[in-house]
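Okay, here's what each chain looks like letter by letter:
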Amino acid sequence: MSELKATRDAYGDALIELGKKDKNVVVLDADLSESTKTAKFREHFPDRFFNMGIAEQNMIDVAAGLSTCGKIVFTSTFALFATGRPWEQIRNTVAYSNLDVKIAASHSGISVGADGSSHQSLEDIAIMRVIPNMRVIVPCDAPESFKATIEAASIPGPFYIRFGREKVPVITSKNDDFEIGKARVLKDGSDVAIISCGMMVFLSLEAAQMLEKEGINAAVIDMHTIKPIDTKILSQFADKARAVVTAEEHSVIGGLGSAVSEFLSETLPVPVYKIGTRDTFGQSGNPVDLIKKYKMTAGDIAEAARKAVSRK
Amino acid sequence: MKYEEKSLKRKAAELRIEIVDMITRAGSGHPGGSLSAIDLLTVLYYSIIKVDPQKPDWNERDRFVLSKGHAAPAIYAILADLGFFPKEKLTGLRQFGSILQGHPDMRKVPGIDISTGSLGQGLSVAVGMALAGKIDKKKYKVFALLGDGEIQEGQIWEASMAAAHYNLDNLCMAVDHNGLQIDGKIEDVMNPSPIEDKFISFGWKVKSIDGHSLKEIYDAWNWARSTENGKPSAIIAKTVKGKGVSFMENVVGFHGKAPTKEQGREALDSLKKALNGVK
Ligand SMILES: Cc1ncc(C[n+]2csc(CCOP(=O)(O)OP(=O)(O)O)c2C)c(N)n1
Ligand SMILES: [Mg+2]
């Protein structure tokens, strides 16, 4: 078994790195600093950390105000409250004026587990992706989360970066190239292209192994940047494999699967099977049971791949 | 800067003409809340705030947030008059391709520090600007203007709490207390009073003034900018919506409706008379 680390932990590490490099980096949190890992930044840079209390709408616009004065601002809380509560503040004040606010949220997706539906964000990618100027990043593991955080700080304008609560396998390495907007091909393949993000990437790699045994040669693509999506890689692999599966820890409505479908349906229509929750809320449970319940296991991904291949 | 009553009076009268002219031409816009706010803004921009039309992005400048963004014509008239952009642009208000959008756009208009239009957000932005000033130990002040209906937004109170919590005595806020919103009197729609007590209990220092007395406004902005006792300051300015145009004064209908051409002419005639009468 490979090393396990939560993506939120890597975010916390990256903030410290950023804080050392640039005195204009400021971090805001909404009473969840231990959970989101911004507490690490607070320890190192108490003068540049501000707890905004349980007031997410205010937090976003305070970040906007700070950014107009030259600050690079990270705002953190749970994904649902980071994007849902202050959506209109993000849309009208941050994104409209293309301000340097990085919304970096933890506890995304169904794997939040025991807290149940009120804390399981399955719509956040959709509601961030729809906003002009907003970039959306869903890193697959800790090293990628670290790099995504560092890079987002260096690119002007708003970002939504989505982290998870649970420890997930480390599948990339510190030295791997990473560039926002450039998908990474983790496994080449010609029969079907599995495009995934977040912790679904390691499950997709497992699915590809299962398929390999059946003689199905699946490519696995880590689509860490959902917006702007890497259309070059999408075209290349849709053309080669002619069958696509997407996998995300999010609703199939509006997320990665939708983004992939939107592009391919206009340019290179091939079957696209989507793994994700299907127009439903979550519930309490341990992550493993929940992933099973909502048909998001490696086996489910493999099954979708078989279907996609059979459609060719 | 010194208080010069006559020149401020003249300026406010000129700006009222500009506002009514702009909105009449555009055929849409918000005359009521622009006219109730213009005395507050005239005193602020011509005798208090430190900004430089030649260097709109000057780091040390005072900031201004028009949280009630629908009063855009008022700030546009001022910024044009001060030379932030050519006066000819004023005729483009709300037109296709114009820099003067229906609500202020910081990416289009030099001198606008933040885009607004969605009510309830500006005070939070001002808190962010004031916080940045504290982090960087800068001397600049942050001014903000809110509507009295706008303070029904819950976010205003989140921001108020944060401003006091972080001791933002570099934050100077005024409420344009004209008593009206779109659906009627604020006290009938959703009564925010007692406004003064609310801000006091949130940890602010508060001053109530007549929002059309230039001297009182001048003293209040000065009080707000000069006291440094760890508290943000709030000016509750009693105003008249539509002030200066008799048929608009206290008329709810002129919140977001332009005068007809005929009404516009009538309004401009009386405003010009008022300007000539300034002693
Ligand atoms: C969030 C939001 N809700 C509704 C509106 C529509 N709206 C524009 S002005 C206004 C009334 C504002 O009243 P007030 O704050 O008292 O402004 P004033 O009287 O100074 O014009 C409303 C409801 C808006 N711009 N933003
Ligand atoms: Mg009002």
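Residues numbered from 1 in each chain as written. Chains lettered and ligands numbered in written order. Predicted model: local features only at pLDDT ≥ 70, side-chain atom pairs only at ≥ 80, totals over all residues.

### Some words on the overall build of chain A
Scanning chain A for helices and strands turns up 13 helices and 14 strands. Within chain A, the fraction of its 312 residues that count as buried is 62%. The contacts in chain A between residues at least 6 apart in sequence include a share of 80% that link residues at least 24 apart. (Helix = DSSP H or I, 4+ residues; strand = E, 2+ residues; numbered from the N terminus. Buried ≥ 20, exposed ≤ 12 C-beta atoms within 10 Å, placed from the backbone. Contact = placed C-beta atoms within 7 Å.)

### Focus on the packing of helix 4 (residues 56–68) of chain A against helix 5 (residues 154–165) of chain B
The geometry of helix 4 of chain A relative to helix 5 of chain B is characterised by a closest axis approach of 8 Å and an angle of 65 degrees between their N-to-C directions. The pairing of helix 4 of chain A with helix 5 of chain B is recorded here as roughly perpendicular in orientation. Crossing handedness for the pair helix 4 of chain A and helix 5 of chain B: right-handed. Contacts between helix 4 of chain A and helix 5 of chain B involve Gln57(A), Asn58(A) and Val62(A) from the former and Gln155(B), Glu158(B), Ala159(B) and Ala162(B) from the latter. Across the contact of helix 4 of chain A with helix 5 of chain B, the residue classes break down as three nonpolar, three polar and one charged. (Axes fitted to C-alpha atoms, helices over the stretch in contact; angles between N-to-C directions. Parallel < 35°, antiparallel > 145°, perpendicular 65-115°, else oblique. Left-handed = near helix turned anticlockwise from the far one by under 90°. Nonpolar A, V, L, I, M, F, W, Y, C, P; charged D, E, K, R; others polar.)

### Observations concerning helix 5 of chain B
An ideal rise of 1.5 Å per residue puts 16 Å on 12 residues; helix 5 of chain B measures up with 17 Å between its terminal C-alpha atoms. What helix 5 of chain B keeps buried is the set Gln155(B), Ile156(B), Glu158(B), Ala159(B), Ser160(B), Ala162(B), Ala163(B) and Ala164(B). Buried-residue contacts for helix 5 of chain B involve helix 4 of chain A together with helix 4 (122–135), strand 2 (142–147), strand 3 (171–177) and helix 7 (195–201) of chain B. At the exit of helix 5 of chain B stands Asn167(B), carrying a positive phi of roughly 50 degrees. (Expected span 1.5 Å × (residues − 1).)

### Details of the interface of chain B and chain A
Taken together, the contact pairs 21 residues of chain B with 22 residues of chain A. Of all the secondary structure elements, the ones that give two or more residues to the side of chain B that touches chain A are helix 4 and helix 5 of chain B. Looking at which element gives the most residues to the side of chain B that touches chain A, the answer is helix 4 of chain B, with nine residues. Looking at the side of chain B that touches chain A, its residues break down into 11 nonpolar, seven polar and three charged.

### With respect to the domain arrangement of chain A
Residue and element names in this part refer to chain A. Considered domain by domain, chain A is made up of domain 1 (4–169) and domain 2 (184–310). On the side of domain 2, 30 residues touch domain 1, which itself brings 28 residues to the contact. Counting residues per element, the ones that place at least two in the side of domain 1 that touches domain 2 are helix 7 (124–129), strand 6 (135–137), helix 8 (142–154) and strand 8 (167–169). Each residue belonging to the side of domain 1 that touches domain 2 can be placed in one class, and the counts come to 14 nonpolar, eight polar and six charged. (Domains from an automatic or database assignment.)

### What to know about the confidence of the model for chain B
Any segment with low pLDDT has predicted coordinates that should not be analysed in fine detail. Residue-level pLDDT values for chain B average 97, and 100% of them are 70 or greater. Reported for the predicted complex are a pTM of 0.97 and an ipTM of 0.97. (pLDDT = per-residue confidence, 0-100.)

### Concerning the sheet that holds strand 2 (residues 25–29) of chain A
Residue and element names in this part refer to chain A. As summarised here, the arrangement of the seven strands in space is 3-2-4-5-7-6-12, forming an open sheet in which the pairing is mixed. Whereas interior strands pair on both sides, the edge strands pair on one side only; in this sheet they are strand 3 (49–51) and strand 12 (225–227). Sheet twist, expressed as the average angle between the axes of neighbouring strands with direction ignored, equals 20 degrees. With five bridges connecting them, strand 2 and strand 4 (residues 72–76) associate as parallel partners. Bridging from a neighbouring strand, Val27 pairs with Phe74 of strand 4. (Pairing = 2+ DSSP bridges.)

### A look at unusual backbone geometry
Each neighbour pair has its own omega, and for Lys227(A) with Pro228(A) the value is 0 degrees, a cis peptide bond. Looking at where Pro228(A) falls in the secondary structure, it is placed in the loop between strand 12 and helix 10 (231–241). A cis amide bond, omega 0 degrees, links Ser193(B) with the succeeding residue Pro194(B). Mapping Pro194(B) onto the fold places it in the loop between helix 6 (186–190) and helix 7. In this structure, His107(A) takes a positive phi of about 60 degrees despite not being glycine. Residue placement: His107(A) occurs in the loop between strand 5 (101–105) and helix 7. Residue Lys137(B) is not a glycine yet carries a positive backbone phi of 50 degrees. Topologically, Lys137(B) is positioned in the loop between helix 4 and strand 2.

### Here's the deal with the environment of Ile194(A)
Take Ile194(A): it is sitting in strand 10 (residues 192–196). Not counting residues within four places of it along the chain, the set of residues in contact with Ile194(A) comprises Ser204(A), Ala207(A), Ala208(A), Ala218(A), Ala219(A), Val220(A), Ile221(A), Val245(A), Ala247(A), Ile301(A) and Ala305(A).

### A short note on the environment of Ser208(B)
Residues and elements named next belong to chain B. On the secondary structure map, Ser208 appears in strand 4 (residues 205–210). Classification of Ser208 by C-beta neighbours within 10 Å gives partly exposed; the count is 16. Residues Ser208 and Asn167 lie 41 residues apart in sequence; the distance between their C-alpha atoms is 21 Å. Ignoring any residue separated from it by four or fewer positions in sequence, one finds Ser208 in contact with Glu196 and Ile236.

### Considering the packing of helix 4 of chain B against helix 5 of chain B
Residues and elements named next belong to chain B. Contact geometry of helix 4 with helix 5 gives a least axis separation of 8 Å together with a crossing angle of 20 degrees. Between helix 4 and helix 5, the interaxial angle falls into the category roughly parallel. Considering how the two elements wind past one another, helix 4 and helix 5 form a crossing that is left-handed. When helix 4 is examined against helix 5, the residues Leu123, Ser124 and Val127 are found in contact with a partner set consisting of Gln155, Ile156, Glu158, Ala159, Ala162 and Ala163.

### Here's the deal with the sheet that holds strand 9 (residues 184–187) of chain A
Residue and element names in this part refer to chain A. What the five strands build is an open sheet, ordered 9-11-10-13-14; its pairing is mixed. If you trace the sheet from one side to the other, it starts and ends with strand 9 and strand 14 (272–277), each paired once. Looking at each pair of strands side by side, their axes are set apart by 25 degrees on average, direction ignored. Bridging between strand 13 (residues 244–251) and strand 14 involves five bridges; their strand directions are parallel. In the sheet register, Val244 faces strand 14, and the bridge partner there is Val272.

### A few points about the pairing of strand 14 of chain A
Across a regular strand the side chains alternate sides, sitting on one face of the sheet and then on the other. Of all the six residues making up strand 14 of chain A, six are buried; the element is thus mostly covered by neighbouring parts of the structure. Between the parallel pair strand 13 of chain A and strand 14 of chain A, the chain is carried across by helix 11 (residues 256–267) of chain A, and the sense of this crossover is right-handed. (Right-handed = clockwise from strand over helix to strand, strands pointing away.)

### Examining the nonpolar core
Of all hydrophobic cores here, the largest spans 197 residues; its most connected members are Val192(A), Ile194(A), Val245(A), Ile301(A), Ala305(A), Ala126(B) and Val127(B). The element best represented in this core is helix 2 (residues 31–47) of chain B, accounting for nine residues. Here this core gathers at least three residues from each of two domains, domain 1 (4–169) and domain 2 (184–310) of chain A. Non-local contacts of Val127(B), meaning those with residues more than four positions away in its chain, are made with Val62(A), Gly65(A), Ala159(B), Ala162(B), Ala163(B), Leu168(B) and Leu171(B). (Core = buried A, V, L, I, M, F, W, Y, C linked by C-beta atoms within 7 Å.)

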